[in-house]
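Topology and contacts: notes
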Amino acid sequence: IPPEKRAKVLPLRYFPVDQAYSVPAALKLSKDRPVFDMPTSTGTMRKMQRVGILEFTLQGTATTLDAFVENGTQNITSLFVPFADMTTGTDTYSAGRYLDLKPTPTGFYVVDFNRAYNPTCAYSPTWECPYPPAANRLKVAIKAGEKAPAA
């Protein structure tokens, strides 16, 4: 966070922790890890590989999110899960939020939206942040994780 914004932005704001937003998920692996051009906050495209699709139930509804790595990644140390939801642009940052998941040997995960965080471009326009793809725009309100920075 740039020094001139710290007094206004800090401390960061979060929804109260709610275990209803921490759900088990299974990762359905992509057969060929297709490459996508993901638009970013600077107007450039970032090449990302879709590793698979996380399948889970949230608020009684079957839900999916695509999980990505940077194109060319050989050793996967983290899955990148950008998403937007019905709080995006109101309670949460207008470009969406992110989750990072550590790979598991079983293919089973916990998708914990309480750990959702804002991209760095929420705090400084000099950072380049990928926007969530259409497949990761949820039709529910995720009232968990980091809120939009104070105006």
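Up top is the structure.
Criteria and cut-off values
Residues numbered from 1 in each chain as written. Predicted model: local features only at pLDDT ≥ 70, side-chain atom pairs only at ≥ 80, totals over all residues. Heavy atoms only, no water. Helix = DSSP H or I, 4+ residues; strand = E, 2+ residues; numbered from the N terminus. Rg over C-alpha atoms; globule rule 2.2 N^0.38 Å. Buried < 20%, exposed > 50% of the residue type's maximum accessible area, 1.4 Å probe, protein only. Contact = heavy atoms within 4.5 Å. Areas by Shrake-Rupley, 256 points an atom, 1.4 Å probe, with all protein chains shown as cover. Lys, Arg positive; Asp, Glu negative; His and termini not counted. Charge placed at Lys NZ, Arg CZ, Asp CG, Glu CD. Phe/Tyr/Trp six-rings, centres within 6.5 Å; stacked < 30°, edge-to-face > 60°. Lys NZ or Arg CZ within 6 Å of the ring centre and 35° of its normal. Salt bridge = Lys/Arg side-chain N within 4 Å of Asp/Glu carboxyl O. Patch = residues over 30% accessible without salt bridge, like charges linked within 9 Å, V, L, I, M, F, W, Y side chains within 5 Å.

Here we come to the overall build of the chain. When its secondary structure is counted, the chain shows 1 helix and 7 strands. Seen in sequence order, the chain has helices and strands lined up from the N terminus as α-β-β-β-β-β-β-β. Since a compact globule built from 151 residues should have a radius of gyration of about 15 Å, the 15 Å found for the chain is in line with a globular shape. Scored against the burial criterion, the 151 residues of the chain give a buried share of 42%. In the chain, 61% of the contacts between residues at least 6 apart in sequence involve partners at least 24 apart. Total accessible area computed for the chain in this model is approximately 8,300 Å², and 57% of it derives from carbon and sulfur atoms. The averaged location of the 13 negative side-chain charges in the chain is 2 Å from the averaged location of its 17 positive side-chain charges.

Attention now goes to the side chain of Asp66. Checked against the element boundaries, Asp66 lands in strand S4 (residues 61–70). Apart from the residues within four sequence positions on either side, Asp66 is in contact with Arg50, Gly52, Ile53, Phe80, Val81, Ala135 and Asn136.

This part is about the packing of aromatic side chains. Considering all chains together, one arrives at 5 aromatic pairs under this definition. Plain terms: the ring middles of Phe36 and Phe68 are 6.1 Å apart, the flat faces sit at 90 degrees to each other, and that makes the pair edge-to-face. Residue Phe36 is located in strand S2 (residues 35–39), and its partner Phe68 is located in strand S4; the two are separated by 32 residues in the primary sequence. Between Phe56 and Phe113, the ring centres sit 6.2 Å apart and the planes meet at 55 degrees, which makes this aromatic pair tilted. Here Phe56, found in strand S3 (residues 45–58), pairs with Phe113, found in the segment after strand S7 (108–112); they are 57 residues apart in sequence, far enough to count as distant. Phe113 matches Phe56 in its accessibility class, with the two residues each being buried. Above the ring of Phe15, the side-chain terminus of Lys147 is found at 5.0 Å from the ring centroid.

With respect to the helices, strands and loops of the structure, Ala116 is situated in the segment after S7. A residue is classified by how much of its surface remains accessible, and Ala116, at 2% relative accessible area, is buried. Between the alpha carbons of Ala116 and Ala67 there is a distance of 14 Å; along the sequence they are 49 residues apart.

With that out of the way, let us pick up the environment of Lys31. Structurally, Lys31 can be placed in the loop between strand S1 (22–29) and S2. Here Lys31 falls in the exposed class, since its relative accessible area comes to 88%. Sequence separation of Lys31 and Gly52 is 21 residues, and the distance between their C-alpha atoms is 8.3 Å.

This brings us to the pattern of salt bridges. Tallied over the full model, the rule gives 7 salt bridges. Here Lys47 makes a salt bridge to Asp37, at a shortest N to O gap of 2.7 Å. Of the two residues, Lys47 is situated in strand S3 and Asp37 in strand S2; the sequence distance between them amounts to 10 residues. Residues Asp66 and Arg50 are paired through a salt bridge, measuring 4.0 Å at the closest nitrogen-oxygen approach. Remark: Arg50 occurs in strand S3 and Asp66 occurs in strand S4; sequence separation between them is 16 residues. Relative accessible area serves as the criterion here: at 8%, Asp66 is assigned to the buried category.

What follows deals with a nonpolar patch on the surface. A contiguous nonpolar patch, built from Leu10, Leu12 and Tyr14 and spanning about 260 Å² of accessible area, is present on the exposed surface. Mapped onto the fold, Leu12 is located in the loop between helix H1 (3–9) and S1.

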